[in-house]
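# Secondary and tertiary structure notes
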Amino acid sequence: MRTRTSPVSQPITIRRALARDAKRLTRLVRGSGAYEGKYASAVAGYRVGPDYIETHRAFVAVGADEHGGRVLGFYSLVLAPPELDLLFVADEAQGRGIGRLLVAHMQSEARAAGLDRVKVVSHLPAEGFYHRVGAVRTGTAFAKPPAVPWDRPEFEFRIPSE
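Here is a short report on the structure shown in this document. (Residues numbered from 1 in each chain as written. Predicted model: local features only at pLDDT ≥ 70, side-chain atom pairs only at ≥ 80, totals over all residues. Heavy atoms only, no water.)

### So, the environment of Leu72
- On the secondary structure map, Leu72 appears in strand 4 (residues 70–78).
- For Leu72, a relative accessible area of 0% gives the class buried.
- On a C-alpha basis, the gap between Leu72 and Ala110 in space is 21 Å, while along the polypeptide they are 38 residues apart. (Helix = DSSP H or I, 4+ residues; strand = E, 2+ residues; numbered from the N terminus. Buried < 20%, exposed > 50% of the residue type's maximum accessible area, 1.4 Å probe, protein only.)

What follows is the structure, encoded as structure tokens:
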């Protein structure tokens, strides 16, 4: 476990996601403001199940509070083929550096797994975020109607060995 302080001085811990986190992660995905309006179909009915959490390297960012920690965001790293499958930060926690912490953690996990690159198919509103955290645009993932009727930018994180 790694604890860091965000720009708002709230201690953030990144830990492995547990099966019991599944419902909270599903709510975070479905409740994301980035998927409102025309983007709602992409997460309608989406479920992060316990089986998904156990199969992939899923990690949560937890903020300290009176209830012992609130999930502020999470990511999932798929090893084969290497891909950042999910990355979400709770709407009310955005702008605090949590996404950047999750990306840095993902890069560390990828390095430990021996990966030199990690692909990301970005949601359109997240494109600027991926640029800011060092991902390189590599192409376009074409629409897959009906769930995703729009093209999406593809990125890649290059993972340097240490």
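### Structural notes on helix 1 (residues 22–30)
- For helix 1, the set of buried residues is Ala22, Leu25, Thr26, Leu28 and Val29. End-on, the buried residues of helix 1 take up no more than an arc of 160°, which puts them together on one face. Among the exposed residues of helix 1, those pointing more than 90 degrees away from its buried face are Lys23 and Arg27.
- Contacts from the buried residues of helix 1 go to helix 2 (50–55), strand 3 (57–63), strand 4 and strand 5 (83–89). (Arc of directions from axis to C-beta. Contact = heavy atoms within 4.5 Å.)

### A word on the nonpolar core
- One finds Phe74, Leu84, Met106, Val118, Tyr130 and Phe157 to be the most contacted residues of the largest nonpolar core, which totals 47 residues.
- For this core, the element with the highest residue contribution is helix 3 (residues 98–112), accounting for six residues.
- In contact with Tyr130, other than residues within four places in its own chain, are Leu84, Leu87, Val120, Ser122, Ala135, Phe155 and Phe157. (Core = buried A, V, L, I, M, F, W, Y, C linked by side-chain atoms within 4.5 Å.)

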